[in-house]
Amino acid sequence: SVNVYNKPVVVQLEDDPKGMLVKITEESEQKEFIVRKGGGNLLRVGRKGIFVKLPTESLLLTFASDEDSNQFTDAVMKIKADKSARVSSDCEFFPAPAYGDFTRTSAYQKAILDNPIDFSGKVILDVGAGSGILSFFAQQSGAKRVYAVEASSIAVHAAKLVAANNVDDVIKVLSGKIEEIQLPEQVDVIISEPMGYMLLNERMLETFLHAKKFLKPGGKMFPSRGDLHVAPFTDEALYMEQFNKVNFWYQEYFHGVNLSSLRNPAMTEYFRQPIVDTFDINICTAKTQRHIIDFQTAHETDLHRIEIPLEFHMLQSGTVHGLAFWFDVAFIGSNVTVWLSTAPTQPLTHWYQVRCLLSQPIFAKQGQLLTGRVLMVANAKQSYDLTIEVKIEGTNTVSSNTLDLKNPYFSGATEPTQPIDCTNYDFQGTGADGYENFQYQ
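Remember, predicted model here, so these are calculated numbers, not experimental data.

Each value, and the rule that gives it
- Residues numbered from 1 in each chain as written.
- Predicted model: local features only at pLDDT ≥ 70, side-chain atom pairs only at ≥ 80, totals over all residues.
- Heavy atoms only, no water.
- Phe/Tyr/Trp six-rings, centres within 6.5 Å; stacked < 30°, edge-to-face > 60°.
- Helix = DSSP H or I, 4+ residues; strand = E, 2+ residues; numbered from the N terminus.
- Buried < 20%, exposed > 50% of the residue type's maximum accessible area, 1.4 Å probe, protein only.
- Core = buried A, V, L, I, M, F, W, Y, C linked by side-chain atoms within 4.5 Å.
- Contact = heavy atoms within 4.5 Å.
- Pairing = 2+ DSSP bridges.
- Polar contact = N/O pair within 3.5 Å; in protein donor to acceptor, adjacent residues only side chain to side chain.
- Arc of directions from axis to C-beta.
- Axes fitted to C-alpha atoms, helices over the stretch in contact; angles between N-to-C directions.
- Salt bridge = Lys/Arg side-chain N within 4 Å of Asp/Glu carboxyl O.

Visitor: Pulling in residues and values, what's your account of the packing of aromatic side chains?
Guide: Considering all chains together, one arrives at 11 aromatic pairs under this definition. Between F119 and F222, the aromatic rings sit 5.4 Å apart at their centres with planes inclined by 75°, giving edge-to-face as the arrangement. With F119 in helix α4 (residues 116-119) and F222 in strand β11 (residues 215-222), this residue pair connects regions lying 103 residues apart in the sequence. Under the relative-accessibility criterion, F119 is labelled buried at 0%. Their ring planes at 20° and their centres at 6.0 Å tell us that Y239 and F243 sit as a pair that is stacked.

Now the structure itself:
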């Protein structure tokens, strides 16, 4: 192990079709490498270190501060979240992939157009409007006025779409955060697409609920409720895929360096990643349990800490490798109720499903009672620290794990295609060339 650089150097991050291109610039040498989508060659080491495994060598980047290290990791995660994402100082993008999620878009369209009583002649608020597709649906359903509130620079493009479609007399695009803007009137219905992975990631639901300060008494929320489903699952291949990543750290003579002291931290880090993908429902070993959030009555602070008690009657014997999650949302209108489901038995959406592994799986027999809890605590990263605990009743068999919902692993080829939500990130120090600049030493 040798120091490649003897003084601080600049690291530039640039979008690349294969992931993210990292450029290290120093007088004596320039180095470039790709951080792949899914982060298989990237691992955090402590608070300031990033370990990068390359085909011909391995690098340990030690940043000057926790903030620099977090900026680097966040920037990489934003690129990993979308094959076609482009990092720029303006965060300009056109969310074609989200429009392309037919299941999602058609469910919203049906919910709005099939409930004309709730929209015709009414005042509507679209929270996090993006380029405004939900606002257009509300206008098509006969809304008197639609306030499309969008915090990112896409609001400029939304306004262009509204003008080009000659509906600017109905749809009013407002640039700003829902917590800060003012409306000239109260609204009859609030529409939004606030769901993230596992329903709650990105914490956009809190903004959706905060917007109720503009809702008339008796007004409606679209969607009206969210159901988070959870079930134990067995998947030896997935577990071994994660476990085998740790094998690198078993080496006791890696270019003269004993890496084994980092074996346990590496294991912890890999198993802190929720798995975002899809799977066959038959891997679930018990009937699902459901946690309901009523958006009509819930307050945003209710989502700061969520505890879900678990009780499963095992339908088959097998190893429980972790818990699987997906969600449904309901649009409860005056005419019809429309459901949008992300279940593995339904057409695939850009939310996929989420699985959280136990680092120590447990074996359960058919008929046994599996109890435990899911604890979700909101954090400053627009996400949640997630703890899962399971126990086989009547035995001493217990297992638990804590995961970082903000740092998922996209298993296999099932990477999501939704655009980056630039409102969640603050690109500090972006150069004129559109690259993110970081300094490490």
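Visitor: Outline the nonpolar core, supporting the account with residue identities and numerical values.
Guide: If you look at the biggest cluster of nonpolar residues, it comprises 84 residues, and the most contacted ones within it are L125, L200, F325 and M376. It is strand β16 (residues 318-332) that provides the largest number of residues to this core, a total of six residues. Those residues within four positions of L200 in sequence are excluded, and the remaining contacts are L205, L228, I293, L303, I306, M376 and Y384.

Visitor: Describe the pairing of strand β19 (residues 369-378), naming the residues involved and giving the relevant values.
Guide: Judged from the nine bridges that link them, strand β15 (residues 305-313) and β19 form a sheet pairing that is antiparallel. Bridge pairing in β19 places H313 opposite L369. Sheet topology places β19 next to strand β20 (residues 384-392); nine bridges connect them, and they run antiparallel. Across the sheet, V377 pairs through a bridge with D385, a residue of β20. In this structure, the hairpin formed by β19 and β20 is closed by a connection of five residues, where Q382 is found at a positive phi of approximately 60°.

Visitor: Outline the side chain of H210, supporting the account with residue identities and numerical values.
Guide: Turning to its location among the elements, H210 is positioned in helix α7 (residues 204-210). Side chain to side chain, H210 and E300 meet in a polar contact 2.7 Å long. In this structure H210 touches I178, E179 and E300, once residues within four positions along its chain are discounted.

Visitor: Describe helix α8 (residues 236-244), with residues and values.
Guide: Among the residues of α8, L238, Y239 and Q242 are the ones counted as buried. Around the axis of α8, the buried residues are gathered within 100° of arc, so they sit on the same side. Where the residues of α8 are buried, they touch β12 (225-233), α9 (263-271), β13 (275-277), β16, β18 (353-364) and β22 (409-410). Two or three places before A237, at the opening of α8, D235 has a side-chain oxygen 3.3 Å from that residue's backbone nitrogen.

Visitor: Provide a residue-level description of the sheet that holds β20, including the pertinent values.
Guide: One open sheet holds the four strands; their spatial order is β15-β19-β20-β21, and the pairing between them is antiparallel. Where the open sheet ends on each side, the last strands, each with one partner, are β15 and β21 (398-404). Across the sheet, the axes of successive neighbouring strands diverge by a mean angle of 15°, strand direction being ignored.

Visitor: Please give an account of the sheet that holds strand β9 (residues 171-175) that cites residues and values.
Guide: As summarised here, the arrangement of the five strands in space is β9-β8-β7-β10-β11, forming an open sheet in which the pairing is parallel. Two strands bound the open sheet, and with one partner strand each, they are β9 and β11. Averaged over all neighbouring strand pairs, the angle between strand axes comes to 20°, with direction disregarded. Note that strand β7 (residues 123-127) and strand β10 (residues 187-192) share four bridges and pair parallel. The residue of β10 that forms the bridge with D126 is I191.

Visitor: Give a description of the pattern of salt bridges that names residues and reports values.
Guide: A full pass over the atoms with the stated rule returns 13 salt bridges. Two residues, E193 and R104, come together in a salt bridge whose shortest N-O distance is 2.3 Å. Of this pair, E193 sits in the loop between β10 and α7 while R104 sits in helix α3 (residues 102-113), placing them 89 residues apart in sequence.

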